[in-house]
Amino acid sequence: MMQFYVKNLLCISLICLLLSPGFAQQDTSAKEEEIDFSQFANMDVPDGSKRYCTSKVLGLSPNKLISIGYDYQFGHQLSNTDPYASNTKGSSDIQSSGGVRLLANMPLLSNTKWLINMGVNYWRNGYNMSNIGNANYVVNQLNEKGLSTMGLNATVFKPLNEKHFILAFASADMNGASNLLNADVADYLPTTKVTAAALFGWKPSDRSMIAFGLSRTYRPGAQGIIPLILFNHTFENKKWGVESLFPARLAFRRSFNPRNLMLFGYELEGNSYAMINRSSNPAYNNLELRRSEIRPRITYERAITDFIWISAQLGYRINYNFNIDKGDSFRVLGDNTPYYIENTLTNAMYVQISLNLVSP
């Protein structure tokens, strides 16, 4: 019953936002997010001093210092075959899944030579299952515990001169088939996942930033190394722009006025989740669920006050990986090594709503 009310509340809120008068309002005035580069303030230097570029690009969507949101996925199905339980075929209709998403991102150091931000996050994804058939280990774990992430991250922007910069990002996440907040966190500390990225780039103007680099990431589910292309750009008409860290995410931005904008794009979202064995079967020791999904989406963001924005997102979750490996193995793109347990998760529509405290 609770899921029914949440579902309807999310849908009604989204419809109200999209039909609000501010959505259709247009204005020719300009308005001045793993990495959001509009989060750093402009830096002024005295005349005669060496000048450095900033990480700010004019026109970007507002940076979220604190975000409180809820992600809701509509009905889909889960099925698998467990070769370590007499090939038990497990299945379930997932009525809905989702949970809260909490983010905080604050500046630690900000001057002309260094910009350092620290952040924390908590994501929850619970499963409301029905019609469970031959519930095996994987189905039971997800139904009873769901998936959770708790993490710390840091972003470092180092300007070299007026045009060039180095950008680095690192995060440490505890991910598990558990609520984490109600579990023994020490069980998950040894399975902490570390993500890191480094890029070198330049700023041809205040409206544009481009950089190239590499990332050690779990977005495809298993750990891997992928190239990155950062491109943030606002066109001269100030109505359209691009916000991209390809292939992790890409969005085209349409600004209606300084307090209303829309984003059209996608994000590759994923991580590896420890499944602590609570059974007596040693076959389930050291298992990790490789969750990865592609999310094409439309996002509408609107200012309630100068510092408080609301965001409504409508999209389609396309499953890329939901299989299980033994241990934290490394997989390159195109790796056809069989998984320890293979799961089938169908795709689903989703909505996401958040209330955000943004930087000025």
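Residues numbered from 1 in each chain as written. Predicted model: local features only at pLDDT ≥ 70, side-chain atom pairs only at ≥ 80, totals over all residues. Heavy atoms only, no water.

Quick notes on the overall build of the protein
Right, so step 1: A tally of helices and strands in the protein yields 3 helices and 16 strands.
Right, so step 2: Here the protein, with 360 residues, has 51% of them falling under the buried criterion. (Helix = DSSP H or I, 4+ residues; strand = E, 2+ residues; numbered from the N terminus. Buried < 20%, exposed > 50% of the residue type's maximum accessible area, 1.4 Å probe, protein only.)

Structural notes on the pairing of strand S13 (residues 287-303)
Right, so step 1: Most of S13 is tucked away: 13 of the 17 residues are buried.
Right, so step 2: Here strand S12 (residues 260-275) runs beside S13; their pairing, made up of 16 bridges, is antiparallel. Across the sheet, residue Glu269 finds its bridge partner in S13, namely Glu293.
Right, so step 3: In this sheet, strand S14 (residues 308-326) lies alongside S13 in antiparallel orientation, the contact comprising 15 bridges. Opposite Glu293, over in S14, you have Asn319 as the bridge partner.
Right, so step 4: The antiparallel hairpin formed by S13 and S14 contains 4 residues in its connecting segment. (Pairing = 2+ DSSP bridges.)

Digging into the pairing of strand S9 (residues 224-234)
Moving residue by residue along a regular strand, the side chains alternate between the two faces of the sheet.
Right, so step 1: As paired strands, strand S8 (residues 208-217) and S9 are joined by 10 bridges and run antiparallel to one another. Looking at S9, one finds that Ile210 is bridged to Phe231.
Right, so step 2: Bridge analysis of S9 against strand S10 (residues 240-246) gives 6 bridges, and the strand direction is antiparallel. Bridged to Ile229 within S10 is Phe246.
Right, so step 3: Between S9 and S10, which follow one another and run antiparallel, lie 5 residues, and Lys238 among them has a positive phi close to 65°.

Quick word on the pattern of salt bridges
Right, so step 1: Within the structure shown, the criterion is met by 18 salt bridges.
Right, so step 2: With a shortest N-O distance of 3.4 Å, Lys193 and Asp328 are connected by a salt bridge. With a gap of 135 residues between them, Lys193 in strand S7 (residues 193-205) and Asp328 in the loop between S14 and strand S15 (343-345) connect regions that are remote in the sequence.
Right, so step 3: When its relative accessible area of 2% is taken as the criterion, Lys193 is described as buried.
Right, so step 4: With a closest N to O distance of 3.2 Å, Arg219 and Glu267 form a salt bridge. Note that Arg219 is positioned in the loop between S8 and S9 and Glu267 in strand S12, a separation of 48 residues in sequence. The same class applies to Arg219 and to Glu267, which are both buried. (Salt bridge = Lys/Arg side-chain N within 4 Å of Asp/Glu carboxyl O.)

Points about the nonpolar core
Right, so step 1: Of all hydrophobic cores here, the largest spans 21 residues; its most connected members are Leu78, Leu142, Leu147, Leu289 and Phe322.
Right, so step 2: Of all elements in the fold, only strand S4 (115-133), helix H3 (137-145), S12, S13 and S14 reach the threshold of two or more residues within this core.
Right, so step 3: A total of 4 residues in this core trace back to one element, the largest contributor, which is H3.
Right, so step 4: Setting aside its immediate chain neighbours within four residues, Leu142 contacts Leu78, Tyr127, Met129, Leu147, Leu289 and Phe322.
Right, so step 5: Grouped together as the second largest cluster of nonpolar side chains are 16 residues, Val57, Leu167, Ala197 and Leu245 included. (Core = buried A, V, L, I, M, F, W, Y, C linked by side-chain atoms within 4.5 Å. Contact = heavy atoms within 4.5 Å.)

What to know about a nonpolar patch on the surface
Right, so step 1: Where nonpolar side chains cluster on the molecular surface, the patch consists of Ile66, Ile68, Val100, Leu102, Met106, Ile304, Phe307, Ile308, Leu355 and Leu357 and spans about 800 Å² of accessible area.
Right, so step 2: Mapped onto the nonpolar patch, the elements with two or more residues apiece are strand S1 (64-73), strand S3 (88-110) and strand S16 (348-358).
Right, so step 3: The dominant element in the nonpolar patch, judged by the number of residues it contributes, is S3, at 3 residues.
Right, so step 4: Checked against the element boundaries, Leu355 lands in strand S16.
Right, so step 5: The partly exposed category is assigned to Leu355, whose relative accessible area is 46%. (Patch = residues over 30% accessible without salt bridge, like charges linked within 9 Å, V, L, I, M, F, W, Y side chains within 5 Å. Areas by Shrake-Rupley, 256 points an atom, 1.4 Å probe, with all protein chains shown as cover.)

So, unusual backbone geometry
Right, so step 1: Residue Pro247 is reached from Phe246 by a cis peptide bond, and omega for that bond is 10°.
Right, so step 2: Locating Pro247 in the fold gives a position in the loop between S10 and strand S11 (249-257).
Right, so step 3: Phi is positive for Lys238, close to 65°, though the residue is something other than glycine.
Right, so step 4: Within the secondary structure, Lys238 is located in the loop between S9 and S10.
Right, so step 5: Overall, the relative accessible area of 43% leaves Lys238 in the partly exposed class.

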